[in-house]
Amino acid sequence: MNYKPTATSAIEFADSEKLEEWIHLFLCNEGDNKPFSEGLKLEPRKYYSPFLMKLDLFERCCGPEEGIKYQISESGFNTNVNNIMNKYKNGDWDMPPLIINRTDGKYELNDGNHRFEALKKLNIDEFWVIIWESVSK
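The present account deals with the structure reproduced in this document. (Residues numbered from 1 in each chain as written. Predicted model: local features only at pLDDT ≥ 70, side-chain atom pairs only at ≥ 80, totals over all residues. Heavy atoms only, no water.)

## Let's talk about the overall build of the protein chain
A tally of helices and strands in the protein chain yields five helices and six strands. The linear arrangement of helices and strands in the protein chain, starting from the amino end, is α-α-α-β-β-β-α-β-β-α-β. At 15 Å, the protein chain has a C-alpha radius of gyration in line with the 14 Å of a compact globule built from 137 residues. Looking at the protein chain as a whole, 42% of its 137 residues qualify as buried. Considering only contacts within the protein chain whose residues lie at least 6 apart along the sequence, 66% involve residues at least 24 apart. With the model as given, the accessible surface of the protein chain reaches about 7,900 Å², and the carbon-plus-sulfur share is 45%. Across the protein chain, 17 positive and 23 negative side-chain charges occur, with their mean positions spaced 1 Å apart. (Helix = DSSP H or I, 4+ residues; strand = E, 2+ residues; numbered from the N terminus. Rg over C-alpha atoms; globule rule 2.2 N^0.38 Å. Buried < 20%, exposed > 50% of the residue type's maximum accessible area, 1.4 Å probe, protein only. Contact = heavy atoms within 4.5 Å. Areas by Shrake-Rupley, 256 points an atom, 1.4 Å probe, with all protein chains shown as cover. Lys, Arg positive; Asp, Glu negative; His and termini not counted. Charge placed at Lys NZ, Arg CZ, Asp CG, Glu CD.)

Below, the structure written as structure tokens:
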């Protein structure tokens, strides 16, 4: 099985019971989020195969807004969002799923904040997500 940073590849890995492998490959490469990958490895996790989820069920945790959990520069954020919008509108990009944590019935977007914002600006109501939960020891 060949890894690709796409929703299709994530689904293929999940179908082969290798979703966690895909997640770490993505985060350590194109996802550019190695600290998150390392954090996920600290304790047992359960991962749910990619599925379509309404985007209004969760919010970003990263962006330029005051008070957001992970604040970053507005210019850098908007540049990345605009680049993603252009790439997605082109129609030839199989965008990777968003990665979301579910804790106590609440959802937090952990990876894909720029992609999420681009999708919202493109008026897309749902997209592929991977949900993870911590597993009790």
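## A word on the pairing of strand S6 (residues 126-134)
As judged from the eight bridges shared by strand S1 (residues 45-54) and S6, these two strands associate in the antiparallel manner. In the sheet register, Met53 faces S6, and the bridge partner there is Phe127. (Pairing = 2+ DSSP bridges.)

## Regarding the sheet that holds S1
Within a sheet, each strand pairs with its neighbour through backbone hydrogen bonds, oriented either parallel or antiparallel. The sheet built from four strands is open, its strands ordered S1-S6-S4-S5 with mixed pairing. The sheet is open, and its two edges are formed by S1 and strand S5 (106-111), each paired on a single side. Strand-to-strand twist of the sheet, defined as the mean angle between neighbouring strand axes without regard to direction, takes the value 35°. Two elements, strand S4 (residues 98-103) and S6, share four bridges in a ladder whose sense is parallel. Its bridge partner being in S6, Asn101 is matched across the sheet by Trp132. This element, helix H1 (residues 7-15), spans S1 and S6 of the sheet and lies at about 135° to S1. Its contacts with the sheet put helix H2 (residues 19-28) on S1, S4, S5 and S6, and the angle it makes with S1 is roughly 75°. (Axes fitted to C-alpha atoms, helices over the stretch in contact; angles between N-to-C directions.)

## Structural notes on the environment of His24
Tracing the backbone through its elements, the reader meets His24 in helix H2. Given the relative accessible area of 11%, His24 is considered buried. Separated by 16 residues in the primary sequence, His24 and Leu40 have C-alpha atoms spaced 8.8 Å apart. Once you skip the residues sitting within four places of it in the chain, His24 turns out to touch Ser37, Leu40, Lys41 and Tyr47. At 2.7 Å, the side chain of His24 forms a polar contact with the side chain of Ser37. (Polar contact = N/O pair within 3.5 Å; in protein donor to acceptor, adjacent residues only side chain to side chain.)

## A look at the layout of surface pockets
Empty space within the largest pocket amounts to approximately 660 Å³. Together, 26 residues line the largest pocket, and Gly31, Asn33, Asn110, Asp111 and Gly112 are the ones closest to its centre. The set of elements that each furnish at least two residues to the lining of the largest pocket consists of helix H3 (34-40), helix H4 (74-89), S5 and helix H5 (113-121). For the lining of the largest pocket, the class distribution of residues is twelve nonpolar, seven polar and seven charged. (1 Å grid on protein atoms, 1.4 Å probe; cavity = no way out; pocket = protein on both sides within 12 Å on 5 of 7 lines; lining within 4 Å. Points joined across faces, edges and corners; volume = space filled by probe spheres on them. Nonpolar A, V, L, I, M, F, W, Y, C, P; charged D, E, K, R; others polar.)

## What about the side chain of Asn33?
Considering the arrangement of structural elements, one finds Asn33 in the loop between H2 and H3. Asn33 gets classed as buried once you look at its relative accessible area, which sits at 19%. Residue contacts for Asn33: discarding those within four places in its chain leaves Leu27, Asn110 and Asp111.

## Some thoughts on the pattern of salt bridges
Inspection of every chain in the model, using the stated rule, returns seven salt bridges. A salt bridge links Lys69 to Glu108; the nearest nitrogen and oxygen atoms lie 3.1 Å apart. With Lys69 in the loop between strand S2 (62-63) and strand S3 (70-71) and Glu108 in strand S5, this residue pair connects regions lying 39 residues apart in the sequence. Residue Glu108 is classed as partly exposed on the basis of its relative accessible area, which comes to 26%. Put simply, Arg115 and Asp111 hold a salt bridge, and the shortest N to O gap is 2.7 Å. When sorted by exposure, Arg115 lands in the same class as Asp111, which is buried. (Salt bridge = Lys/Arg side-chain N within 4 Å of Asp/Glu carboxyl O.)

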